[in-house]
Amino acid sequence: MARAAQKDSKTDSGKKLSNVSRDDLLKYYRQMVLIRRFEERAGQLYGMGLIGGFCHLYIGQEAVAVGMEAASKDGDQVITGYRDHGHMLAAGMDPNAVMAELTGRSGGSSKGKGGSMHMFDIETGFFGGHGIVGAQVSLGTGLAFADFYKQNGNVSFTYFGDGAANQGQVYESFNMAQLWKLPVVYVIENNEYAMGTALARASATVNLSQRGSSFGIPGETVDGMDVFAVKEAAERAAEHARSGKGPYILEMKTYRYRGHSMSDPAKYRSKEEVDEVKTTRDPIDHVKTMLQQAGVSEDDIKTIDNEIKAIVLEAVEFAQTSPEPDPSELYTDVYLEA
Ligand SMILES: Cc1ncc(C[n+]2csc(CCOP(=O)(O)OP(=O)(O)O)c2C)c(N)n1
Ligand SMILES: [Mg+2]
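We now turn to the structure provided with this report. Remember, it's a predicted structure, so these values are computed and weren't measured experimentally.

1. Digging into the sheet that holds strand β9 (residues 248-253)
Turning to step 1, where the next piece is worked out: Sheet architecture is open: five strands sit in the order β3-β4-β5-β9-β8, paired in parallel fashion. The open sheet terminates on both sides in strands that have one partner only, identified here as β3 (77-79) and β8 (219-223). Adjacent strand axes in the sheet meet at a mean angle of 20°, parallel and antiparallel pairs treated alike.
Turning to step 2, where the next piece is worked out: Two elements, β3 and strand β4 (residues 156-161), share three bridges in a ladder whose sense is parallel.

2. Regarding the packing of aromatic side chains
Turning to step 1, where the next piece is worked out: What the rule picks out here adds up to 12 aromatic pairs.
Turning to step 2, where the next piece is worked out: When the ring of Tyr171 is compared with that of Phe174, the centres are 5.3 Å apart and the planes differ by 75°; the resulting orientation is edge-to-face. Of the two residues, Tyr171 and Phe174 are both situated in helix α6 (residues 168-179); the distance of three residues between them amounts to about one turn of the helix.
Turning to step 3, where the next piece is worked out: Judged by its relative accessible area of 0%, Phe174 is buried.
Turning to step 4, where the next piece is worked out: Ring centres of Phe174 and Tyr186 lie 4.8 Å apart, and the angle between their planes is 55°; on these two criteria the pair is classed as tilted. Taken as a pair, Phe174 in helix α6 and Tyr186 in strand β5 (residues 184-190) lie far apart in primary sequence, 12 residues in all.
Turning to step 5, where the next piece is worked out: For Tyr186, a relative accessible area of 0% corresponds to the buried category.

3. A closer look at the site of ligand 1
Turning to step 1, where the next piece is worked out: With respect to spatial proximity, 15 residues lie near ligand 1, and among them Tyr82, Arg83, Gly163, Ala164 and Asn191 are the closest.
Turning to step 2, where the next piece is worked out: Gly163 places a main-chain nitrogen or oxygen 2.9 Å from an oxygen atom of ligand 1.
Turning to step 3, where the next piece is worked out: Between an oxygen atom of ligand 1 and a side-chain N or O atom of Asn191, the distance comes to 2.8 Å.
Turning to step 4, where the next piece is worked out: Summarising the interface, the protein chains cover 70% of the accessible area of ligand 1, which totals 590 Å² for the free molecule.
Turning to step 5, where the next piece is worked out: Looking at side-chain class alone, the shell around ligand 1 contains seven nonpolar, six polar and two charged residues.

4. Side note on the packing of helix α1 (residues 22-47) against helix α4 (residues 95-102)
Turning to step 1, where the next piece is worked out: Two elements in contact, α1 and α4, have axes whose closest approach is 11 Å; the angle formed by their N-to-C orientations is 25°. In terms of orientation, α1 lies roughly parallel with respect to α4. Every pair of crossing elements has a handedness; the one defined by α1 and α4 is right-handed. For the pair α1 and α4, contact is made by Leu34, Phe38, Arg41, Ala42 and Leu45 and by Pro95, Val98, Met99 and Leu102, respectively.
Turning to step 2, where the next piece is worked out: Partitioning the contact of α1 with α4 into residue classes produces eight nonpolar, no polar and one charged.

5. Some thoughts on the environment of Ala237
Turning to step 1, where the next piece is worked out: Along the polypeptide, Ala237 turns up in helix α8 (residues 227-242).
Turning to step 2, where the next piece is worked out: Expressed as a C-alpha distance, the spacing of Ala237 and Met176, which sit 61 residues apart in the sequence, is 18 Å.
Turning to step 3, where the next piece is worked out: Sequence-distant contacts of Ala237, defined by excluding residues within four places in its chain, comprise Val185, Tyr248 and Leu250.

6. Some thoughts on the coordination of the magnesium ion (ligand 2)
Turning to step 1, where the next piece is worked out: Donor atoms from the polypeptide that coordinate the magnesium ion (ligand 2) comprise Asp162 (OD), Asn191 (OD1) and Tyr193 (O), at 2.1 to 2.2 Å from the metal.
Turning to step 2, where the next piece is worked out: Mapping the donors of the magnesium ion (ligand 2) onto the primary sequence yields the spacing D-x28-N-x1-Y. Across the pair, Tyr193 and Asn191 agree in class, each one buried.

7. Notes on a nonpolar patch on the surface
Turning to step 1, where the next piece is worked out: A cluster of nonpolar side chains, contributed by Phe145, Phe148, Tyr149, Met176, Leu179 and Trp180, occupies part of the molecular surface with about 650 Å² of accessible area.
Turning to step 2, where the next piece is worked out: Where the nonpolar patch is concerned, the elements lending two or more residues are α5 (135-150) and α6.
Turning to step 3, where the next piece is worked out: Counting residues per element, the nonpolar patch draws most heavily on α5, which supplies three residues.
Turning to step 4, where the next piece is worked out: Note on placement: Tyr149 falls in helix α5.

8. Details of the nonpolar core
The nonpolar side chains of soluble globular proteins are, as a tendency, buried together.
Turning to step 1, where the next piece is worked out: Ranked by size, the top nonpolar core spans 63 residues in total, and within it Met68, Met99, Val185 and Leu250 carry the most contacts.
Turning to step 2, where the next piece is worked out: Non-local contacts of Met99, meaning those with residues more than four positions away in its chain, are made with Phe38, Arg41, Ala42, Leu45, Ala315, Val316 and Ala319.
Turning to step 3, where the next piece is worked out: Core analysis: the next-biggest nonpolar cluster, separate from the first, contains 16 residues, Val137, Val184, Ile188 and Ile249 among them.

9. Some words on the packing of α1 against helix α10 (residues 283-293)
Turning to step 1, where the next piece is worked out: Where α1 contacts α10, the axes come no closer than 10 Å and their chain directions differ by 150°. Of the possible angle classes, the one that applies to α1 and α10 is roughly antiparallel. In this structure, α1 meets α10 at a crossing whose hand is left-handed. For the pair formed by α1 and α10, the contact residues are Leu25, Leu26, Tyr29, Met32, Val33 and Arg36 on the first element and Pro283, Ile284, Val287, Lys288, Met290 and Leu291 on the second.

About the criteria used
Residues numbered from 1 in each chain as written. Chains lettered and ligands numbered in written order. Predicted model: local features only at pLDDT ≥ 70, side-chain atom pairs only at ≥ 80, totals over all residues. Heavy atoms only, no water. Pairing = 2+ DSSP bridges. Helix = DSSP H or I, 4+ residues; strand = E, 2+ residues; numbered from the N terminus. Axes fitted to C-alpha atoms, helices over the stretch in contact; angles between N-to-C directions. Phe/Tyr/Trp six-rings, centres within 6.5 Å; stacked < 30°, edge-to-face > 60°. Buried < 20%, exposed > 50% of the residue type's maximum accessible area, 1.4 Å probe, protein only. Near = heavy atom within 4 Å. Polar contact = N/O pair within 3.5 Å; in protein donor to acceptor, adjacent residues only side chain to side chain. Areas by Shrake-Rupley, 256 points an atom, 1.4 Å probe, with all protein chains shown as cover. Nonpolar A, V, L, I, M, F, W, Y, C, P; charged D, E, K, R; others polar. Parallel < 35°, antiparallel > 145°, perpendicular 65-115°, else oblique. Left-handed = near helix turned anticlockwise from the far one by under 90°. Contact = heavy atoms within 4.5 Å. Donors = N, O, S within 2.8 Å, 3.2 Å for Na, K, Ca; no water. Patch = residues over 30% accessible without salt bridge, like charges linked within 9 Å, V, L, I, M, F, W, Y side chains within 5 Å. Salt bridge = Lys/Arg side-chain N within 4 Å of Asp/Glu carboxyl O. Core = buried A, V, L, I, M, F, W, Y, C linked by side-chain atoms within 4.5 Å.

Geometric values such as these leave the question of function open.
If you want it as structure tokens, here you go:
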């Protein structure tokens, strides 16, 4: 992945908080707030009828994409399902291009032809954006096969949900990945629900970190609401994959605050359940508290919040003023000339 072209606020760089630098804290805070504010605006644009098709928000799960990105290197790939906006922003894609893709404009990252679920950006190593549940797991394993074949030292970060974890092709992929020792980190974002179905209602076993055990793939369960826990686990997993030992599974315990998609009345869980997570486990509040403990002033935090607000407002403006794609674009980018 390319590093995010996002500027960091001025800090006393190098000042350490146990094993976390103040600059790292500020960077993760900034990236997570960007995702959250971006998603809130995307939800508003959807409500205004400016975004067509489906739209799945990532609010609540920010620490996963940001913590994983912190352990990645240039050249690594990311692939995920349809809940993908946060991954794109964490990978360093331009918020303007992501928002304009949501509104189907030519300035979008896929020229407005992919929309929310089918964005793509080779430059940052982001390989989509996939609407078929579980399909990205085979594709991500294929990306790892390409890395293995080229011996380029890159890792494929392949994300999927707790619901997708029961799909058959996941296990065909696990088998091949371990057989050939492919450099892939499988990140299972266990947000407790697959549409309206709680994990335990659809799954014979709920410890998803062990789903690779019959293939001999190591796995661990991680607090996906803690960006530092995610980063540390990501480093272990990436090192394992990069050093030729094969795939690794990280089950991220996380939670989605919003409905499955924009048309979900969320009758399958109580408001109290959602509020409890928001007040006790929020990933952004967690980093904010650490920033305060590190002596970062309220004013400095406000400055970051305002900078992010401006970036997102600019993206909203761009997404509404960028022209719609020309009809002739219907026939371009369908096949790759090889
Ligand atoms: C093959 C396939 N089956 C069913 C669907 C419909 N569907 C879309 S999302 C979804 C739930 C997936 O849940 P999970 O993997 O937990 O991901 P989350 O939405 O929680 O991020 C389902 C069943 C689909 N898109 N593709
Ligand atoms: Mg889920």
